[in-house]
Amino acid sequence: MFRCARKPENPERWSLKECCLRAVALHFPAITNTAVLDLPTGLLQDLLPHLNICQLDDIQASLNHKGLSTYSAWLAILREMSGFNHAVDFPSEETAKREVMRLLFQIVFYSAGRSIPRAASNVDPSLLLHTSAKSADHLIVGKGCKDIERLVSEWRPLLKMLEERVKRVGVSEPTWRSETKTWATWFVIHRLLDHGVATELVVYSHCPTILARLLQGRGSQLVDPEQGGGLPGPCLQGRRSESRCGDAPPCKQSKMETVSMEGGCCGDPTLPLEPKFLCSSQLEACPRGRIHHLEVQQCKPESLRILTSVIPTFSSLRSLTLHSVSSFRKEDMLDLASALRQRSSAAPITQLNVGALPDAKLIAVLLDSSPSLRSLHVDIQAAVRGPPGSLVPPKTPEPQLPAELPLEELTVQVSELSSDISVLMSVLRRLPHLTSLCVAGIRLPLPLRMDQLLSTLTECNSRLRKLHLKDLKLFDCLPEVLELLRGCRLEELGLIDCRLLERSANKDQTLQMLVDTLKTLPSLHTLRLARNRLAGSVRVLAELFSGPTLSSLKLLDISFNFIQPAELLQFADRLKACHSLPGLILDLRKNPADRDPDTWKAAILKLRPLTLLQDIAWSSWLMMADHVGNM
């Protein structure tokens, strides 16, 4: 059923000790846990790599009670499954185990043809499935879910387990070609959302019918199956629909007890899909689950109209994420703002993520419509102009925002060539509680500079703990950058692709000024300086860990900085003289190691005792193509 990711090993090369350890692992079911745990600590540590995933899971709690960790075993499995760079993102025993189980569940449940790790190669698939399901907190239903019908038949105990664990349900493009599979799919979705603990719903399908069906009964604007009424949507029309999903405007019908899935993405059969039909064997009425987070990945205008109709009374909703292939229409965003403003009787939405807005001024409109927002993420992308004679978009209103807003997290990604930052600065002046800010892609027309934005942050946002500036031209703003850093107690700082040294006459001196300021921030644990063309100046960063005042960094990202092997060796020599670098993660990805592999290897050997590396060899040709593309 599965294939192993590694070639089988040669038993003739095993030592006597290894043969004994493998024999213990092979006969583990016949040996009591007590007998295994009575082994000396050293032998227990040596035994861990030979245990399969189910055995590790079974014995982990007992080993922890004895003071032993299984982290090394889980990390080795995770590295085999997803590579070193992904594995290091899980620094604890429990997080590494949970990620292994999550990946394994995806392999076993969705695509049996994929390779599985060696530690799972000789385990019964059904046992693997039930073991990994214990850590499954996310389930995607739809395309690729081949065994969905088994969940409602012989795998009902597994479905019950998923109901108790899955917190995030995804619905992808359906491939329903039979009446049984259609019913089974909606039954599983209903059980997870309405009978289980799931509070997050992610809609990957672009079909507005699917979204309408999922939101049915979540707000008073949608159907109450006991009182009649109808769901908006082009395909929800009795037993037959002449329109394809997304090609017709929303419509209403007198009674919604069946859903027609004919037309393109929705399959063919027409079935009764209300909870009272899905769970017809139950004596009591089905509950209606409370969705706290809703994410729509391909939100077309038809889907957005369905959504805005239910938002005012969608009382459980706390977080909303909307993504579109192109920018939303301005009138649709104004309708969304109006729907958010109408949530007078419902609990406020505290997290909003919209991409992409056609106008930066809509940031203020959204904040005005939801003054209780704690987190706002927006992508700004200028709308494509229509042909001559097309309707002119409505003018964006300019609301009078209160002097102070409770927003704590703000992300603004700009995807157009030039942008006015006056709206952003006006918003920032009203966010004294802001702790996390990410700004990316702003292109100011000459002679404007980014110093005004930095000065605004210094004056109005002193509570910042996380600051990420990406793809901004800051080469002439070093004094403002340093002043901002001195006024905040940052824990994370990202200055990515900010051209920090681009026009500096003395690059080492410029970087040294930044280093001296960073060393005054004892709370700073993450520093990302990717794509700044540091090159030979990277050696200055070693000063972060020297002198009477040492940096507290745990992660230093200097990837994509055109660091030559000889330059990395100089950095390694300076860093080696620093004896206090506990747990530092050094990200060296995508630097030209192939220019001088021997020198690069020598530098890596000097760094390896000091740091945990994320090192991927990078093609110089690809690096130069990226350099030209970013000029």
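Residues numbered from 1 in each chain as written. Predicted model: local features only at pLDDT ≥ 70, side-chain atom pairs only at ≥ 80, totals over all residues. Heavy atoms only, no water.

Undergrad: Help me get a handle on the overall build of the protein, residues and values and all.
TA: Each helix and strand counted, the protein has 23 helices and 19 strands in total. Looking at the protein residue by residue over its 631 residues, the buried ones come to 50%. For the protein, the share of sequence-separated contacts (at least 6 apart) that also reach a separation of at least 24 residues comes to 77%. Total accessible area on the protein stands at roughly 29000 Å², and carbon and sulfur atoms take up 52% of it. (Helix = DSSP H or I, 4+ residues; strand = E, 2+ residues; numbered from the N terminus. Buried < 20%, exposed > 50% of the residue type's maximum accessible area, 1.4 Å probe, protein only. Contact = heavy atoms within 4.5 Å. Areas by Shrake-Rupley, 256 points an atom, 1.4 Å probe, with all protein chains shown as cover.)

Undergrad: How would you explain the nonpolar core if you had to name every residue and give the values?
TA: In terms of nonpolar packing, the biggest core is built from 175 residues, with Leu474 and Phe571 touching the most fellow members. The biggest single contributor to this core is helix 7 (residues 93-110), with 10 residues. Among all residues touching Phe571, those that are not within four sequence positions of it are Val538, Arg539, Leu541, Ala542, Leu556, Ile558, Leu586 and Leu607. (Core = buried A, V, L, I, M, F, W, Y, C linked by side-chain atoms within 4.5 Å.)

Undergrad: With reference to specific residues and values, describe the pairing of strand 4 (residues 168-171).
TA: The side chains of a regular strand alternate, first on one face of the sheet and then on the other. Looking at chain direction, strand 3 (residues 138-141) and strand 4 are connected through four bridges and run parallel. Each residue of the ladder has a partner; that of Leu139, found in strand 4, is Val169. Inspection of the sheet shows strand 4 paired to strand 5 (residues 200-203) by four bridges, in the parallel sense. What sits directly across from Val171, in strand 5, is Val203. (Pairing = 2+ DSSP bridges.)

Undergrad: Explain unusual backbone geometry to me, using residue names and the numbers behind them.
TA: That bond from Gly355 to Ala356 is cis: its omega, 20°, falls within 30 degrees of zero. In this model, Ala535 sits at a positive phi of 50°, which is unusual for a non-glycine residue. Within the secondary structure, Ala535 sits in the loop between strand 16 (526-528) and strand 17 (555-557). Here Ala535 falls in the partly exposed class, since its relative accessible area comes to 22%.

Undergrad: Go over the pairing of strand 10 (residues 351-357), please, and point to the residues and values.
TA: Among the seven residues of strand 10, five are classified as buried, and the element is accordingly described as predominantly covered. Two strands pair when backbone bridges link them, and strand 10 and strand 11 (residues 375-380) are joined in this way by six bridges, in the parallel orientation. By the bridge assignment, Leu352 is partnered in strand 11 with Leu376. Crossover connection from strand 10 via helix 16 (residues 362-369) to parallel strand 11: handedness right-handed. (Right-handed = clockwise from strand over helix to strand, strands pointing away.)

Undergrad: Got a sec to walk through the pattern of salt bridges? Specific residues and values, please.
TA: Taken as a whole and assessed by the stated rule, the structure comprises 25 salt bridges. Across the pair Arg102 and Glu99 runs a salt bridge whose closest N-O atoms are separated by 2.7 Å. In this pair, Arg102 and Glu99 are both assigned in helix 7, three residues apart and thus about one turn of the helix distant. A relative accessible area of 29% means that Arg102 is categorised as partly exposed. (Salt bridge = Lys/Arg side-chain N within 4 Å of Asp/Glu carboxyl O.)

Undergrad: Kindly report on the confidence of the model for the protein, identifying the contributing residues and their values.
TA: Across the protein, the average pLDDT comes to 81, with 80% of residues at 70 or higher. Segment residues 221-265: pLDDT under 50, and 125 contacts once partners within four positions in sequence are set aside and those in other chains are kept. Between residues 384-392, whose pLDDT stays under 50, and residues either more than four places distant or in other chains, the model counts zero contacts. (pLDDT = per-residue confidence, 0-100.)

Undergrad: Which residues make up the environment of Pro402, and what values do they have?
TA: Here Pro402 is to be found in the loop between strand 11 and strand 12 (409-414). Exposure remark for Pro402: the relative accessible area of 37% places this residue in the partly exposed category. The spatial distance from the C-alpha of Pro402 to the C-alpha of Leu367 is 9.8 Å, given a sequence separation of 35 residues.

Undergrad: Could you give an account of the side chain of Asn461, naming the residues involved and the relevant values?
TA: Here Asn461 shows up in the loop between helix 18 (451-460) and strand 14 (466-470). Of note is the side chain of Asn461, whose polar atom sits 2.9 Å from the backbone oxygen of Leu431. Among all residues touching Asn461, those that are not within four sequence positions of it are Leu428, Leu431, Leu434, Thr456 and Cys488. (Polar contact = N/O pair within 3.5 Å; in protein donor to acceptor, adjacent residues only side chain to side chain.)

Undergrad: Quick one: what's the story with helix 19 (residues 478-486), residue by residue and with numbers?
TA: Buried within helix 19 we find Leu478, Glu480, Val481, Leu482, Leu484 and Leu485. The inward-facing, buried residues of helix 19 abut helix 18, strand 14, strand 15 (492-496) and helix 20 (507-518).

Undergrad: Any details on the side chain of Asp194? Residues and values, ideally.
TA: Within the secondary structure, Asp194 sits in helix 11 (residues 179-195). Of the polar contacts made by the side chain of Asp194, one reaches the side chain of His190; its length is 2.8 Å. Of note is the side chain of Asp194, whose polar atom sits 3.0 Å from the side chain of Arg218. The residues touching Asp194, leaving out its near neighbours within four places in the chain, are Arg218, Pro287, Arg288 and Gly289.

Undergrad: Before we move on, could you go through helix 11 and cite the residues and values that matter?
TA: Helix length check: helix 11 (17 residues) gives 23 Å between terminal C-alpha atoms against 24 Å at 1.5 Å per residue, within 8%. Counting buried positions along helix 11 gives 13 out of 17 residues, so the element sits mostly inside the fold. (Expected span 1.5 Å × (residues − 1).)

Undergrad: An account of the environment of Ala133 is requested, with residue identities and associated values reported.
TA: Looking at the element boundaries, Ala133 is found in helix 8 (residues 125-133). Of the residues examined, Ala133 reaches a relative accessible area of 0% and is grouped as buried. Each C-alpha atom, one on Ala133 and one on Val166, is 9.0 Å from the other, the two residues being 33 residues apart in sequence. Beyond its immediate sequence surroundings of up to four residues, Ala133 is in contact with Phe105, Leu158, Met161, Leu162 and Arg165.

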